Amino acid sequence: MVLEVNDLCKSFRTGFFSRKVEVLKNVSFSVQEGSVVGFIGANGAGKSTTIKSILGLIQPDSGNITYFDKEKISPKLFKKIGFLPERPNFYNFLSGKEFLLYYGQLSNNLFGKVLNERVDRVLKKVHLYGDKDKKIKSYSKGMIQRIGIAQALVHDPKFIVLDEPLSGLDPDGRYQLSQIIKNAAREGKTIFFSSHLLDDTEKLCDKILVIENGMITFSDEISKILGGTQVSFVINYVDKGQKKSVKVIGENELNNKIHQLVSKKIIISDIHKKQKSLEEAYVSLQGES
């Protein structure tokens, strides 16, 4: 197991009277080696607090966090972990390559030819090799996200944590970042990322964690959350020379509609099966909660 979290709790004091607000409530989950896990939930549900807690950026009130079956958070452990925060703030006066050389030295004590070769290789992976000598202050939002993922990859970590990596990007930028994440997964990296872009999450992940009001409400393979929703069908038919279509929910309604059309001697041209999207499944899950 790459990461195991048990009974994680975290509270903050807010407001003039320092009222205690419980943000995480006995959060427990695990991340298996080689998996791509999507961490989803509404704004304020506890996603970023959970990520900061598991990385040791904030101290939880209680709970147990272990990596790679038995390791606790430590400077030595971070050589195996790559991280991209939700709002990265990089050194704008450095070029892309200078930035990665600096982070490569910080994260794994890499120097000289080995570091240079690794930086060049990662720049090519994120499609920034042609812009490696440009200052980061001239980078677009998409380029900033790609150089951010590059710094998370430069030290060749086993586990990569990404906090809202696709947020604020245009469709082209989201596609490029999605491909980078897919390629990292193919190379055997374990990836854990939070997102509110459910369409992209559905395409990337094999497991989903749902957090609501500081509690995990779903933790399983993505096929399970999609399989738990009703399937819809679109029936295309020809009636009095005109092409028409009707959408039905569930197989019972499908059979009834087919029987109705056939009894009227209406020609059915084709039937399309449509599984609910992750977004629809998520909304249904929240309604049940």
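Look up a bit, the structure's there.
Asks: So what exactly am I meant to see when it comes to the sheet that holds strand β6 (residues 159–163) here?
Replies: Hydrogen bonds between backbone groups are what pair the strands of a sheet, and the pairing can be parallel or antiparallel. Taking strand neighbours across the sheet as the criterion, the six strands line up as β5-β6-β7-β3-β8-β9 in an open arrangement whose pairing is mixed. The open sheet has two edge strands, β5 (81–84) and β9 (215–221), and neither has a second partner. Averaged over all adjacent pairs, the angle separating strand axes in this sheet is 15°, with direction ignored. By the bridge criterion, four bridges tie strand β3 (residues 36–40) to strand β8 (residues 207–212) in an arrangement that is parallel. Each bridged residue has a counterpart across the sheet, and for Phe39 the counterpart in β8 is Leu209.

Asks: What's the story with the packing of aromatic side chains in this structure? I'm lost.
Replies: When we look at a pair of aromatic rings, we describe it by the centre distance and by the angle of the planes. All chains considered together, the criterion is met by ten aromatic pairs. Between Phe99 and Tyr103 the ring centres are 4.6 Å apart and the planes differ by 55°, which places this aromatic pair in the tilted class. Remark: Tyr103 and Phe99 occur in helix α2 (residues 96–108); sequence separation between them is four residues, near one turn of the helix. A relative accessible area of 0% means that Phe99 is categorised as buried. Overall, Tyr103 belongs to the partly exposed group, its relative accessible area being 23%. Put simply, the rings of Phe90, Tyr91, Phe93, Phe99, Tyr102 and Tyr103 touch in pairs and so form one group of aromatic residues.

Asks: So what exactly am I meant to see when it comes to the packing of helix α4 (residues 141–153) against helix α5 (residues 171–186) here?
Replies: Axis angle and axis distance: for two packed helices, these are the angle between their axes and the distance between the axes, and together they describe the pair. Contact geometry for α4 and α5: axes closest at 10 Å, N-to-C directions at 15°. Relative to α5, α4 is oriented roughly parallel. Considering only the axes of α4 and α5, their crossing is right-handed. Across from Gly142, Gln145, Arg146, Ile149 and Leu153 in α4, the residues of α5 making contact are Gln176, Leu177, Ile180, Ile181 and Ala184. Looking at the contact of α4 with α5, its residues break down into six nonpolar, three polar and one charged.

About the thresholds
- Residues numbered from 1 in each chain as written.
- Predicted model: local features only at pLDDT ≥ 70, side-chain atom pairs only at ≥ 80, totals over all residues.
- Heavy atoms only, no water.
- Pairing = 2+ DSSP bridges.
- Helix = DSSP H or I, 4+ residues; strand = E, 2+ residues; numbered from the N terminus.
- Axes fitted to C-alpha atoms, helices over the stretch in contact; angles between N-to-C directions.
- Phe/Tyr/Trp six-rings, centres within 6.5 Å; stacked < 30°, edge-to-face > 60°.
- Buried < 20%, exposed > 50% of the residue type's maximum accessible area, 1.4 Å probe, protein only.
- Parallel < 35°, antiparallel > 145°, perpendicular 65-115°, else oblique.
- Left-handed = near helix turned anticlockwise from the far one by under 90°.
- Contact = heavy atoms within 4.5 Å.
- Nonpolar A, V, L, I, M, F, W, Y, C, P; charged D, E, K, R; others polar.

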